[in-house]
Amino acid sequence: MPELPEVETIRRDLHAHLCGSTIHGLSVVHPGVVLGTPETFTDAVVGRRIVGSGRRGKVMWLDLEDGHAIAIHLRMSGQALLVDEGAPRPPHTHLIADLGGRRALLYVDPRRFGRLEIIDPCAPQASVLLRNIGPDALSADLCAETLRTAAAGRRIGIKQFLLDQRFISGIGNIYAAEILHRVPLGPATPAGRVTRAEMERILEQTHAVLGEAIAACGTTLADARYRSALGRSGEFACMLRVYGREGEPCRTEGCTARIQRRTSGGRSTYLCPACQRAGRRRRA
Ligand SMILES: [Zn+2]
């Protein structure tokens with residue numbers, strides 16, 4: 001599932017290549033991927049120029065000249081791909097925007113959980129996709145104290161807390177594991193018992209991990225599902241320290257433990273039992 005670094009990489013591609021372009025035509029192949037009716041969606045975008053872009057958490061949008069924007073949430077398997085006109089369309093192409101100049105923007109989504117919506121970026125509460133999305137994980141306004149307040153009294157594990165998009169948005173299963181390994185803190189540490197110093201470390205490592213992942217254009221795993229809008233793979237997979245590395249040596253200097261995989265709530269999490277033990281033991 002694309003997380004903040006992958007969505008940001010796609011947004012940057014789209015911004016660089018689409019700003020100033022006019023949407024000449026739109027074909028909604030599978031109406032289920034757009035919120036509202038395909039007719040309303042089409043009327044809102046055709047003939048309009050793209051003038052900018054934005055993102056909060058895993059939701060990105062393309063600003064249109066009339067103040068509205070096309071929001072895209074890729075969810076499990078969505079892809080936004082820029083292709084040359086006439087290039088073969090991948091299977092599961094559900095929407096095609098004709099951008100003129102022999103280019104098209106495709107929305108491709110095998111599992112079809114992703115959605116597109118016409119939004120007013122100044123009124124996120126009116127948007128289905130943005131309504132319950134909390135502050136972006138890289139927002140300069142997000143501070144450790146805000147997160148501590150949100151976590152107060154919660155017994156859910158800190159990893160589950162970081163995955164809850166209402167509290168902090170953009171982090172998914174891969175980067176939550178990486179952030180907590182770097183802090184280091186056990187994923188099951190109750191969110192309400194994370195200290196102020198630990199929360200500051202979490203935010204610090206969130207910026208570090210997500211920043212490095214954006215610089216590497218995101219993480220493309222062995223399933224090769226994630227591609228940037230230009231079809232490129234992300235390079236961060238080889239820099240992952242825990243995710244997907246069960247049984248492999250911990251990459252922390254001086255640590256001789258091996259990475260473990262644990263399952264919680266149907267999801268896998270990866271951790272170093274040595275580096276990330278301190279947080280658990282102190283609370284025992
Ligand atoms: Zn370790």
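Residues numbered from 1 in each chain as written. Predicted model: local features only at pLDDT ≥ 70, side-chain atom pairs only at ≥ 80, totals over all residues. Heavy atoms only, no water.

K.L.:
How do you make sense of the pattern of salt bridges when you look at a structure like this?
P.N.:
Between side chains of opposite charge, pairing is possible as soon as their charged atoms come close. Scanning the model with the defined rule gives 15 salt bridges in all. Across the salt bridge formed by Asp 66 and Arg 48, the nearest N and O atoms sit 3.6 Å from each other. Placement of Asp 66 in the loop between β3 (59–64) and β4 (69–73) and of Arg 48 in the loop between α2 (38–45) and β2 (50–56) is noted, with a sequence separation of 18 residues between them. Between Arg 49 and Glu 65 there is a salt bridge, and its shortest N-O distance comes to 3.9 Å. Taken together, the residues Arg 49 in the loop between α2 and β2 and Glu 65 in the loop between β3 and β4 connect sequence positions 16 residues apart. Judged by relative accessible area, Arg 49 falls into the partly exposed class, the value being 35%. (Salt bridge = Lys/Arg side-chain N within 4 Å of Asp/Glu carboxyl O. Helix = DSSP H or I, 4+ residues; strand = E, 2+ residues; numbered from the N terminus. Buried < 20%, exposed > 50% of the residue type's maximum accessible area, 1.4 Å probe, protein only.)

K.L.:
Please clarify how the packing of aromatic side chains should be interpreted in this entry.
P.N.:
Aromatic ring pairs are described here by two measures, namely the spacing of the ring centres and the angle between the planes. Per the stated rule, a full pass over the model turns up three aromatic pairs. Geometrically, the ring pair formed by Phe 161 and Phe 167 is stacked, given 4.6 Å between the ring centres and 15 degrees between the ring planes. No difference in accessibility class separates Phe 161 from Phe 167, as the two residues are buried. (Phe/Tyr/Trp six-rings, centres within 6.5 Å; stacked < 30°, edge-to-face > 60°.)

K.L.:
Is there a simple way to explain the sheet that holds strand β8 (residues 115–119) in this structure?
P.N.:
By way of backbone hydrogen bonds, the strands of a sheet pair with one another, either parallel or antiparallel. Read from one edge to the other, the open sheet built from four strands follows the order β2-β3-β4-β8, with strand pairing classed as antiparallel. Taken across any chain shown, the strands that pair with only one partner, and hence form the sheet edges, are β2 and β8. Shown here is a sheet whose adjacent strand axes are inclined to one another by a mean of 20 degrees, direction ignored. With five bridges connecting them, β3 and β4 associate as antiparallel partners. From the neighbouring strand, Asp 63 faces β4, where its bridge partner is Ala 69. (Pairing = 2+ DSSP bridges. Axes fitted to C-alpha atoms, helices over the stretch in contact; angles between N-to-C directions.)

K.L.:
Would you mind going over the environment of Asp 120 with me for this structure?
P.N.:
Looking at where Asp 120 falls in the secondary structure, it is placed in the loop between β8 and α3 (144–151). On the basis of relative accessible area, Asp 120 is assigned to the partly exposed category, the value being 33%. Through-space distance from the C-alpha of Asp 120 to that of Glu 246 is 44 Å; in sequence the pair is 126 residues apart.

K.L.:
For this particular structure, what's the right way to read the coordination of the zinc ion?
P.N.:
When a metal holds four donors in a tetrahedron, each ideal angle between them is 109.5 degrees; when it holds six in an octahedron, the ideal angles are 90 or 180 degrees. Distances from the zinc ion to its protein donors, Cys 250 (SG), Cys 255 (SG), Cys 272 (SG) and Cys 275 (SG), fall within 2.2 to 2.3 Å. Each of the four donor atoms bound to the zinc ion contributes to angles spanning 105 to 112 degrees, and the resulting shape is tetrahedral. Mapped onto the sequence, the donors of the zinc ion take the spacing C-x4-C-x16-C-x2-C. Here Cys 250, found in the loop between α6 (196–215) and β9 (260–264), pairs with Cys 272, found in the loop between β10 (267–271) and α7 (277–283); they are 22 residues apart in sequence, far enough to count as distant. Under the relative-accessibility criterion, Cys 272 is labelled buried at 0%. (Donors = N, O, S within 2.8 Å, 3.2 Å for Na, K, Ca; no water. Tetrahedral: all angles 85-135°; square planar, octahedral: opposite > 155°, others 65-115°.)

K.L.:
Would you explain the pairing of strand β6 (residues 93–98) in this entry?
P.N.:
Within a regular strand, the side chains alternate between the two sheet faces. Counting buried residues in β6 gives five out of six residues, a clear majority hidden from the surface. Pairing analysis gives four bridges linking strand β1 (residues 25–28) to β6, with the strands arranged antiparallel. In the strand pairing of β6, Gly 25 is matched with Asp 98. Here five bridges tie β6 to strand β7 (residues 103–108), and the two strands are oriented antiparallel to one another. Its bridge partner lying in β7, Ile 96 is registered against Leu 106.

K.L.:
Before we go on, may I ask you to explain helix α1 (residues 4–18) in this structure?
P.N.:
Since the α-helix turns once every 3.6 residues, residues separated by three or four places project in the same direction. Over its 15 residues, α1 runs 20 Å from end to end, which matches the ideal 21 Å to within 8%, given 1.5 Å per residue. α1 sits mainly inside the fold: 11 of its 15 residues count as buried. Among the residues making up α1, those that are buried are Leu 4, Pro 5, Glu 6, Val 7, Glu 8, Thr 9, Ile 10, Arg 11, Asp 13, Leu 14 and Leu 18. Residues of α1 that are buried make contact with β2, β3, β5 (79–84), β7, α5 (173–182) and α6. (Expected span 1.5 Å × (residues − 1). Contact = heavy atoms within 4.5 Å.)

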